[in-house]
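Structural features, examined
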Amino acid sequence: MAILRIVPDLATDNPAKVAAFYRDLFGIEPVMDFGWIVTSATSTDQKTQISFASEGGSGTEVPALSIEVDNLDEVLARARDLQADITYGPADEPWGVRRFFLRDPDGRILNILTHQP
């Protein structure tokens, strides 16, 4: 299993406004906008990303981190072996990802995902 990227997710009531602030301050442009979440990235390196969200999608809370992996089933099995608190999923989302949420030992929600072909 390989981690493909880690994106911090910041909770906000107004994702577009906060994304515009970060664009104007740092020059990072929105690369995805679903209304409830805007993900911004540098124009030269899509690995430098940050998301601003009013919800986690599909009625979930905003996670602290989104971690994209190349083998979701392997991470899910590891999480179950660790008896991690899986709070959502696994689910195939209409925006093209398969994911699940879990709580880390400090209670932070992690969104573990893979993009579907």
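**Considerations on the side chain of Thr12**
Counting through the fold element by element, Thr12 comes out in the loop between strand 1 (3-11) and helix 1 (15-26). On the basis of relative accessibility, which here comes to 17%, the residue Thr12 falls in the buried class. Discounting residues that sit within four places of it in the chain, Thr12 has contacts with Val18, Phe52, Ala53 and Ser54.

**So, the side chain of Ser40**
Mapped onto the elements of the fold, Ser40 is located in strand 3 (residues 37-41). Given the relative accessible area of 0%, Ser40 is considered buried. Beyond its immediate sequence surroundings of up to four residues, Ser40 is in contact with Ala19, Ile28, Glu29, Pro30, Val31, Thr48, Gln49, Ile50 and Phe52.

**Some words on the packing of aromatic side chains**
Counted according to the given criterion, the structure contains seven aromatic pairs. Joined through ring pairs, the aromatic side chains of Phe21, Tyr22, Phe26 and Phe52 make up one cluster.

**Let's talk about a nonpolar patch on the surface**
Nonpolar side chains collect at one region of the surface, where Met1, Ile3 and Ile6 lie side by side and expose about 270 Å² of accessible area between them. Following the sequence through the fold, Ile6 ends up in strand 1. For Ile6, a relative accessible area of 41% corresponds to the partly exposed category.

**Quick notes on the pattern of salt bridges**
Scanning the model with the defined rule gives nine salt bridges in all. Among the ionic pairs, Arg98 bridges to Asp92, the shortest N-O distance being 3.1 Å. The exposure class of Arg98 is partly exposed, given its relative accessible area of 25%. Linking Asp104 and Arg108 is a salt bridge whose minimum nitrogen-to-oxygen distance equals 2.9 Å. On the basis of relative accessible area, Asp104 is assigned to the buried category, the value being 17%. We classify Arg108 as partly exposed; its relative accessible area is 42%. What you see here is one network of salt bridges that share partners, running through Glu61, Asp85 and Arg103.

Reading the values: the criteria
The numbers attached to residues start from 1 for each chain and follow its sequence in the written order. For this predicted model, a pLDDT threshold of at least 70 governs which residues receive local features, and a threshold of 80 or more governs which side-chain atom pairs are given and counted, while totals over whole chains, interfaces and linings are taken from all residues. In computing side-chain properties, one takes all heavy atoms of the structure into account and sets aside hydrogens as well as water. The way it works is that DSSP assigns letters per residue, a run of H or I at least four long becomes a helix, a run of E at least two long becomes a strand, and they are numbered from the N terminus. Only protein chains enter the accessibility calculation, which uses a 1.4 Å probe; a residue whose area is less than 20% of its type maximum is buried, one above 50% is exposed, and one in between is partly exposed. Throughout, a contact is declared for two residues whenever any of their heavy atoms are within 4.5 Å. Ring pairs are drawn from Phe, Tyr and Trp, using the six-membered ring of Trp, whenever the two centres fall within 6.5 Å, and their geometry is named by plane angle: stacked under 30 degrees, edge-to-face over 60, tilted for the rest. Surface patches are defined over residues having more than 30% relative accessible area and no salt bridge, joining like charges when they lie within 9 Å and nonpolar side chains (Val, Leu, Ile, Met, Phe, Trp, Tyr) when within 5 Å. The method behind every accessible area is Shrake-Rupley, applied with a 1.4 Å probe, and residues are considered shielded solely by the protein chains displayed. A side-chain nitrogen of Lys or Arg and a carboxyl oxygen of Asp or Glu constitute a salt bridge if their distance falls within 4 Å.

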